Amino acid sequence: MNSWVAQLGNLMELLYKKLLQEFKAQTYLQADRTTTKVLDRTKKDKTHLGYYWTYHAPLAKLVAFDYQKGRDTDAPREFLQGYRGNLQTDGYAVYKHYYSKENIVHLACWAHARRKFENALQSNPKLAEYALSEIQKLYIIEREAKELTPEQRKEVRLEKALPIINDFGKWLHDKRQQVLPKSPMGMAIEYVTPLWESLQNYLHDGNLMIDNNLIENTIRQIALGRKNYLFAGSHNGAKRSAMFYSFFACCKLNNINPHKWLEYVLENIADYKSNKLHELLPNNINPQTILNFKKFYEV
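Student: Help me understand the overall build of the protein chain in this model?
Tutor: The helix and strand inventory of the protein chain stands at 12 helices and five strands. Taking as baseline every contact in the protein chain between residues at least 6 positions apart, the subset at least 24 positions apart corresponds to 67%.

Right under this line is the structure:
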């Protein structure tokens, strides 16, 4: 059965490359990562801790998982090298190697910032509660502007959210001098301080989001998988898993039945023209085409 899956992975590898090409054409990506255990023959009696680097294109309803052995600067290189547009991440330092360039605008995540202040609630409830209340105001504005057009949402953000952020920034600068740097509150302030400009960048485009919670939702299927299997059998196996995770996550975002989609692709991919292969991707395929599809043994 493992061999069958491996052969299936080889068959669909070209389609996966088409999916990655579509990401290069996007102008707004969210990025995150999560761990996975992998058997490694070079490591006796223990597994290798690898990483699924996850990329989400909210406007195009695309998700891609990319397995890498580590989480250093080179891990996202193949995916992000040459990318131009907006990149939304947490505060992990590796991303700075890519968004420090002129062709990428970095968006930080307000949800990650909020968690840092939540960690300070027990040790410094007065300051932490004030910080959380200011962040909550930003999310209330987002809920109110949810049904607006991107242009209208941008205007509302600049009118209502920008003053809140400006006042909050002044407050943080003042309190930074009053708390211990290694205290939970101090660490929360030190987390957001270098990201302050990035935390404001979502204001400039109504298509952009205040946080990258959506990508964290896509990572949940990895967490669910970890509860159902102990590890990937090899690094190549982990790469294949990343490919299938990508396809099925895209199916979910586009309301495509993954089982029917896979059946349709397997029946047609061998004869499909290579220059039109992208048409088989879940975000491009017509759902009605899959529903009307009859497998050869049903005809």
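There is more to say after this.
Student: Just checking my understanding: could you explain the packing of helix 6 (residues 150-176) against helix 7 (residues 184-192) for this structure?
Tutor: To characterise two packed helices, one gives the angle between the axes of the helices and the distance between these axes. In contact at an axis separation of 10 Å, helix 6 and helix 7 are set at 130° when each is read in the N-to-C sense. Classified by the angle between their axes, helix 6 and helix 7 sit oblique to one another. You can see that helix 6 and helix 7 cross each other, and the crossing is left-handed. Of helix 7, the residues touching helix 6 (which contributes Trp-171, Leu-172, Lys-175 and Arg-176) are Met-185, Ile-189, Glu-190 and Val-192. Of the residues contributing to the contact of helix 6 with helix 7, the split by class is five nonpolar, no polar and three charged.

Student: What am I meant to see in the nonpolar core here?
Tutor: Grouped together as the largest cluster of nonpolar side chains are 90 residues, with contacts concentrated most on Trp-110, Phe-117 and Trp-261. Tallying contributions element by element places helix 10 (residues 235-253) first for this core, with nine residues.

Student: Would you mind going over helix 9 (residues 213-228) with me for this structure?
Tutor: Along an α-helix, a turn takes 3.6 residues, which lines up residues three or four apart on a common side. Between its first and last C-alpha, helix 9 extends 24 Å over 16 residues, near the 22 Å set by a 1.5 Å rise per residue. For helix 9, every residue scored as buried is listed here: Ile-215, Thr-218, Ile-219, Ile-222 and Gly-225. The inward-facing, buried residues of helix 9 contact strand 1 (28-38), strand 2 (48-57), strand 3 (62-68) and helix 10.

Student: Looking at this model, I keep getting lost on the packing of aromatic side chains. Mind explaining?
Tutor: The geometry of an aromatic ring pair comes down to the distance between the two centres and the angle between the two planes. Using the criterion set out here, one finds 16 aromatic pairs in the structure. Between Tyr-52 and Tyr-67, the aromatic rings sit 6.0 Å apart at their centres with planes inclined by 70°, giving edge-to-face as the arrangement. Here Tyr-52 is found in strand 2, whereas its partner Tyr-67 is found in strand 3, with 15 residues between them in sequence. Taken individually, Tyr-52 and Tyr-67 each receive the classification buried, so the pair is uniform in this respect. Among the aromatic residues, ring-to-ring pairing joins Trp-110, Phe-117, Tyr-130, Phe-168, Trp-171 and Trp-196 into one connected group. The residue whose ring lies beneath Arg-114 is Tyr-139, and the NZ or CZ to ring-centre distance is 4.5 Å. Above the plane of the ring of Tyr-191 lies Lys-116, whose end atom (NZ or CZ) is 4.8 Å from the centre.

Student: Got a minute to help me understand the pattern of salt bridges in this structure?
Tutor: Note that side chains of opposite charge can pair when their charged atoms are close. The full count for this structure, using the stated rule, is eight salt bridges. The shortest N-O distance in the salt bridge between Asp-74 and Arg-77 comes to 2.7 Å. By relative accessible area, which is 46% here, Asp-74 ends up partly exposed. Between Asp-174 and Lys-175 there is a salt bridge whose closest N-O contact spans 3.8 Å.

Student: How do you make sense of the side chain of Asp-211 when you look at a structure like this?
Tutor: Within the element layout of this structure, Asp-211 appears in the loop between helix 8 (196-200) and helix 9. Of the side chains with opposite charge, Arg-114 comes closest to the buried, unpaired Asp-211, at an N-O distance of 5.1 Å. There is a polar contact of 2.6 Å between the side chain of Asp-211 and the side chain of Tyr-139. Setting aside anything within four residues of it in sequence, one finds Asp-211 in contact with Gln-30, Gln-88, Cys-109, Trp-110, Ala-111 and Tyr-139.

Student: Looking at this structure, I do not really get the pairing of strand 1. What am I missing?
Tutor: Regular strands show a simple pattern: their side chains alternate between the two faces of the sheet. Counted residue by residue, strand 1 has nine buried out of 11 residues, so it is predominantly covered. When strand 1 meets strand 4 (residues 85-88), the two strands line up parallel, connected through three bridges. Residue Leu-29 lies in a different strand from strand 4, and its bridge partner there is Leu-87. Judged from the nine bridges that link them, strand 1 and strand 2 form a sheet pairing that is antiparallel.

Student: Before we go on, may I ask you to explain the sheet that holds strand 5 (residues 104-107) in this structure?
Tutor: In a beta sheet, neighbouring strands pair by backbone hydrogen bonds and run either parallel or antiparallel. Spatially, the five strands line up as an open sheet ordered 3-2-1-4-5, and their pairing is mixed. The outermost strands of the open sheet, each flanked by one partner alone, are strand 3 and strand 5. For this sheet, the mean angle separating the axes of adjacent strands, direction not counted, is 30°. Of the strand pairs in this sheet, strand 4 and strand 5 are connected by four bridges, and their pairing is parallel. Among the inter-strand pairings, Leu-87 is bridged to a residue of strand 5, identified as His-106. Lying over the sheet, helix 9 contacts strand 1, strand 2 and strand 3, oriented at roughly 15° with respect to strand 1. The sheet contacts of helix 10 involve strand 1, strand 2 and strand 3, and relative to strand 3 the element is tilted by about 170°.

What counts, and where the lines are drawn
- Residues numbered from 1 in each chain as written.
- Predicted model: local features only at pLDDT ≥ 70, side-chain atom pairs only at ≥ 80, totals over all residues.
- Heavy atoms only, no water.
- Helix = DSSP H or I, 4+ residues; strand = E, 2+ residues; numbered from the N terminus.
- Contact = heavy atoms within 4.5 Å.
- Axes fitted to C-alpha atoms, helices over the stretch in contact; angles between N-to-C directions.
- Parallel < 35°, antiparallel > 145°, perpendicular 65-115°, else oblique.
- Left-handed = near helix turned anticlockwise from the far one by under 90°.
- Nonpolar A, V, L, I, M, F, W, Y, C, P; charged D, E, K, R; others polar.
- Core = buried A, V, L, I, M, F, W, Y, C linked by side-chain atoms within 4.5 Å.
- Buried < 20%, exposed > 50% of the residue type's maximum accessible area, 1.4 Å probe, protein only.
- Expected span 1.5 Å × (residues − 1).
- Phe/Tyr/Trp six-rings, centres within 6.5 Å; stacked < 30°, edge-to-face > 60°.
- Lys NZ or Arg CZ within 6 Å of the ring centre and 35° of its normal.
- Salt bridge = Lys/Arg side-chain N within 4 Å of Asp/Glu carboxyl O.
- Lys, Arg positive; Asp, Glu negative; His and termini not counted.
- Polar contact = N/O pair within 3.5 Å; in protein donor to acceptor, adjacent residues only side chain to side chain.
- Pairing = 2+ DSSP bridges.

Just geometry here; none of it tells us what the structure is for.
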